[in-house]
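# Observations on the model geometry
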Amino acid sequence: MPTLLHLDASARRQSFSREAGDAVAAAWRASHPGGTYLHRDLARTPVPQIDEAWTELCDHVLEHGITDPARYREAVRTPGQAAAWAVVEPLLGELLSADAVLIATPMYNYSVPASLKAWIDQVTFPRMSLAGRRFVVAYARGGAYGPGAPRHPYDHQERYLRDFFAGHFAVPEEAMTFLGTELVNSLLDPALAGRRGAHEASRAAALEAARKTGETL
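Residues numbered from 1 in each chain as written. Predicted model: local features only at pLDDT ≥ 70, side-chain atom pairs only at ≥ 80, totals over all residues. Heavy atoms only, no water.

With that settled, the discussion passes to the overall build of the chain. A count of helical and extended segments in the chain gives 6 helices and 5 strands. For the chain, the succession of helices and strands along the chain, N to C, is β-α-β-α-α-β-α-β-α-β-α. Expected size for 217 residues packed as a compact globule is a radius of gyration near 17 Å; at 18 Å, the chain falls within 12% of this value. Along the first, second and third principal axes, the C-alpha set of the chain runs to 60 × 40 × 30 Å. Each of the 217 residues in the chain was classed as buried or not, and the buried ones make up 49%. By element, 53% of the accessible surface of the chain is carried by carbon and sulfur atoms, the whole surface being about 10400 Å². Charge separation in the chain, taken as the distance between the mean sites of 22 positive and 25 negative side-chain charges, equals 5 Å. (Helix = DSSP H or I, 4+ residues; strand = E, 2+ residues; numbered from the N terminus. Rg over C-alpha atoms; globule rule 2.2 N^0.38 Å. Buried < 20%, exposed > 50% of the residue type's maximum accessible area, 1.4 Å probe, protein only. Areas by Shrake-Rupley, 256 points an atom, 1.4 Å probe, with all protein chains shown as cover. Lys, Arg positive; Asp, Glu negative; His and termini not counted. Charge placed at Lys NZ, Arg CZ, Asp CG, Glu CD.)

The next point concerns the nonpolar core. One broad trend across soluble globular proteins is that nonpolar side chains are buried collectively. By size, the foremost hydrophobic cluster in this structure holds 42 residues, and its most contacted members are W119 and F165. Every element with two or more residues in this core is listed here: strand 1 (3–8), helix 2 (52–63), helix 3 (79–97), strand 3 (100–106), helix 4 (114–123), strand 4 (134–140), helix 5 (158–167) and strand 5 (176–181). Sequence-distant contacts of W119, defined by excluding residues within four places in its chain, comprise L5, L7, L42, V47, L91 and L95. One finds W28, A138, L179 and L207 within the second-largest nonpolar core, a separate group that totals 15 residues. (Core = buried A, V, L, I, M, F, W, Y, C linked by side-chain atoms within 4.5 Å. Contact = heavy atoms within 4.5 Å.)

Written out as structure tokens, the structure reads:
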């Protein structure tokens with residue numbers, strides 16, 4: 001049966017990225033009653049930053065041409081490296097077991113939260129392929145950053161994740177789905193009050209896309 005790995009990265013307990021991600025997950029679980037659902041909240045239970053011992057594991061894997069994740073443990077040779085591997089192993093195990101990966105993330109300062117980046121750093125090794133898996137990103141952001149928007153050039157959230165999935169994990173474009181809510185700040189910022197209608201339309205479209213994506217994932 002299929003496995004879905006669901007990651008949350010928002011620092012807010014009630015957030016639009018969590019809302020969209022939960023909608024994807026709920027639809028997936030309804031469509032796959034026998035499937036395995038794994039959830040990790042990266043904001044509430046942060047993943048440590050990589051340390052020097054992690055870089056030593058990475059260097060060993062690269063130097064010895066190890067591309068099979070089942071062999072990564074061969075890089076452990078010191079107590080420090082064993083401690084680093086103890087952090088990596090459960091995170092990597094969840095990722096490799098998943099047929100689909102759902103990432104619910106806000107945009108912070110034009111990019112992804114440090115909590116998500118820490119997870120990415122821990123589970124990523126040289127020449128590592130995750131081809132064959134689906135990736136879904138349910139995002140939220142304060143302004144409008146889509147194609148044609150004045151701030152589109154500053155989008156280092158979706159663009160970063162697309163480039164990373166393709167460039168490092170060898171995930172093709174057709175295996176990625178991005179959906180999300182824009183103009184969240186219109187609910188608070190008087191300067192954006194006139195865009196609240198656009199925000200609500202974006203939110204409704206994101207939730208509809210989330211349900212459809214979860215059903216077909």
